[in-house]
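If you want the building blocks of each chain, they are given just below.
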Amino acid sequence: MSASRKAPTMADVARVAGVSPMTVSRAFKADSSVSEATREAILKAADELGYVFDSTASSLRSQRTDFVAVTIPSINNANFADTVRGLSDGLKARGLQILLGTTDYDMAEEERLIEQLLRRRPEAIVVTGGKHTARARRMLENAGIPVIETWDLPETPIGHVVGFSNAEAVKGMVDHFVAQGLTRIAFIGGDTSRDTRGADRRAGFIAAMQAHGLDAGRLIAVGAPPISMREGAEAMGRLLETLPDTQAVICVSDLSAFGALTECQRRGVDVPGRISLAGFGDYEIAEISVPPLTTINPFPREIGARVAQLILDVIDGRQTGPATIAIAPELQLRPSSR
């Protein structure tokens, strides 16, 4: 097995390009004192040598790290992936990169990640949701950098907020079903102690049903978040066996709604003729399922894009005080409901 080759240095690039190491450093920092022709020669030499500029020293001098820390509950969730994509696209033109951590819907894990990320002194930190452990909240409050909470509208924000009310979004779905004359409505969700957004959706369901004077007790909880398609199917099976007169079902996510839909099809239960069905998230699977699923579009990519712009506004001094940017989720009516 061959020994590892020594990594090329700035001095190696300078020698090949015929310039000083200082000029190489300036070229990589896009210093205007370096001519375009010289910069191209330096970049060509670096490419030939496989050289990667080490920004550590310059970061220490400038007190800039050029990255934004982000925590999300899961990398397998298409909605959170879209949020990160929108955020990344909005930051890349300024040379800002994302350092990503996943919490697995665990606030204790979020606390650990926040501590680790803040040790690296990011330009800003973006966290999913508005509920945190007491220690995580103290760390964020004293971070000395922009803090943005997303995918929620917390009652007591730490700093900036870009999100929406999960409870209000589900209330709108309940109102739609009631307007269709459906009164025996159920909710399928997961472990609400871990998924705070799922808990808010469940709370929104209960509040909306009670506001209409309807029974809010048709609640089926199954599995730890994120609920899978298999668990959605299991929950629908339990619902059909224990509450067979249910007229409509709201699921905490499109994945669980798809599982519920397939369970109805296995049992010969017509959707929407016998039972109306809806999810949350407007995933691709909701649009291509048969029948397509009624759902709620929370505009995850827009959330990321708005967060990116907010970070740039704060860094550039255009935003000086805490900002709350409310996103309005949209009800997507499709053939799975009447």
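Parameters and conventions
Residues numbered from 1 in each chain as written. Predicted model: local features only at pLDDT ≥ 70, side-chain atom pairs only at ≥ 80, totals over all residues. Heavy atoms only, no water. Helix = DSSP H or I, 4+ residues; strand = E, 2+ residues; numbered from the N terminus. Buried < 20%, exposed > 50% of the residue type's maximum accessible area, 1.4 Å probe, protein only. Contact = heavy atoms within 4.5 Å. Core = buried A, V, L, I, M, F, W, Y, C linked by side-chain atoms within 4.5 Å. Pairing = 2+ DSSP bridges. Axes fitted to C-alpha atoms, helices over the stretch in contact; angles between N-to-C directions. Parallel < 35°, antiparallel > 145°, perpendicular 65-115°, else oblique. Left-handed = near helix turned anticlockwise from the far one by under 90°. Nonpolar A, V, L, I, M, F, W, Y, C, P; charged D, E, K, R; others polar. Right-handed = clockwise from strand over helix to strand, strands pointing away.

## Some thoughts on the overall build of the protein chain
Alright, step 1. Within the protein chain, the secondary structure is distributed over 13 helices and 12 strands.
Alright, step 2. Overall, the C-alpha framework of the protein chain stretches about 80 × 45 × 35 Å when taken along its three principal axes.
Alright, step 3. Across the 338 residues in the protein chain, those meeting the buried criterion constitute 49%.
Alright, step 4. Long-range contacts, defined here as pairs at least 24 residues apart, represent 69% of the contacts in the protein chain between residues at least 6 apart.

## Some thoughts on the nonpolar core
Alright, step 1. Ranked by internal contacts, the top residues of the largest apolar core, which has 64 residues, are Phe205, Met236, Val249, Ile250, Leu277 and Ile311.
Alright, step 2. At six residues, helix H13 (residues 300-315) tops the list of elements feeding residues into this core.
Alright, step 3. In this structure, Phe67, Leu117, Leu118 and Ile158 belong to the second largest nonpolar core, which totals 14 residues.

## Section: unusual backbone geometry
Alright, step 1. A cis amide bond links proline 225 to the next residue, proline 226, at an omega of -5°.
Alright, step 2. Assignment of secondary structure puts proline 226 in the loop between strand E7 (219-221) and helix H10 (229-242).
Alright, step 3. The amide bond that connects valine 290 to the next residue, proline 291, takes the cis arrangement and shows omega of -5°.
Alright, step 4. With respect to the element layout, proline 291 can be found in the loop between helix H12 (284-288) and strand E10 (295-297).
Alright, step 5. With a phi angle near 60°, tyrosine 105 is a residue other than glycine that sits in the positive phi range.
Alright, step 6. Assignment of secondary structure puts tyrosine 105 in the loop between strand E2 (97-102) and helix H6 (107-119).
Alright, step 7. What makes tyrosine 105 buried here is its relative accessible area of 7%.
Alright, step 8. One non-glycine residue, tryptophan 151, adopts positive backbone phi at about 65°.

## Remarks on the sheet that holds strand E8 (residues 248-251)
Alright, step 1. Spatial ordering of the open sheet is given by E7-E6-E8-E9, a layout of four strands whose pairing is parallel. Strands at the two margins of the open sheet, each flanked by one partner only, are E7 and strand E9 (276-278). Mean inter-strand twist for the sheet, computed between neighbouring axes without regard to direction, equals 15°.
Alright, step 2. Note: strand E6 (residues 185-189) against E8, four bridges, orientation parallel. Along E8, the bridge assignment pairs isoleucine 188 with cysteine 251.

## So, the packing of helix H8 (residues 166-179) against helix H9 (residues 196-211)
Alright, step 1. Two elements in contact, H8 and H9, have axes whose closest approach is 7 Å; the angle formed by their N-to-C orientations is 45°. Classified by the angle their axes make, H8 and H9 are oblique. H8 and H9 meet at a crossing whose hand is right-handed. Facing Asn166, Ala167, Val170, Lys171 and Val174 of H8, the residues of H9 in contact are Arg197, Asp200, Arg201, Gly204, Phe205, Ala207, Ala208 and Met209.
Alright, step 2. Tallied by class, residues from the contact of H8 with H9 come to seven nonpolar, two polar and four charged.

## Brief notes about the pairing of strand E1 (residues 67-72)
Alright, step 1. By the criterion of burial, E1 is predominantly enclosed, with six of the six residues buried.
Alright, step 2. By the bridge criterion, six bridges tie E1 to E2 in an arrangement that is parallel. Within the sheet, the bridge partner assigned to valine 68 lies in E2 and is isoleucine 98.
Alright, step 3. Between E1 and its parallel partner E2, the chain crosses via helix H5 (residues 78-92), and the hand of that crossover is right-handed.

## Details of the sheet that holds strand E3 (residues 124-128)
Alright, step 1. What the six strands build is an open sheet, ordered E2-E1-E3-E4-E5-E11; its pairing is parallel. Only two strands of the sheet have a single neighbouring strand rather than two, namely E2 and strand E11 (324-326). On average, adjacent strands in this sheet sit at an angle of 15° to one another, irrespective of strand direction.
Alright, step 2. Pairing analysis gives four bridges linking E3 to strand E4 (residues 147-150), with the strands arranged parallel.

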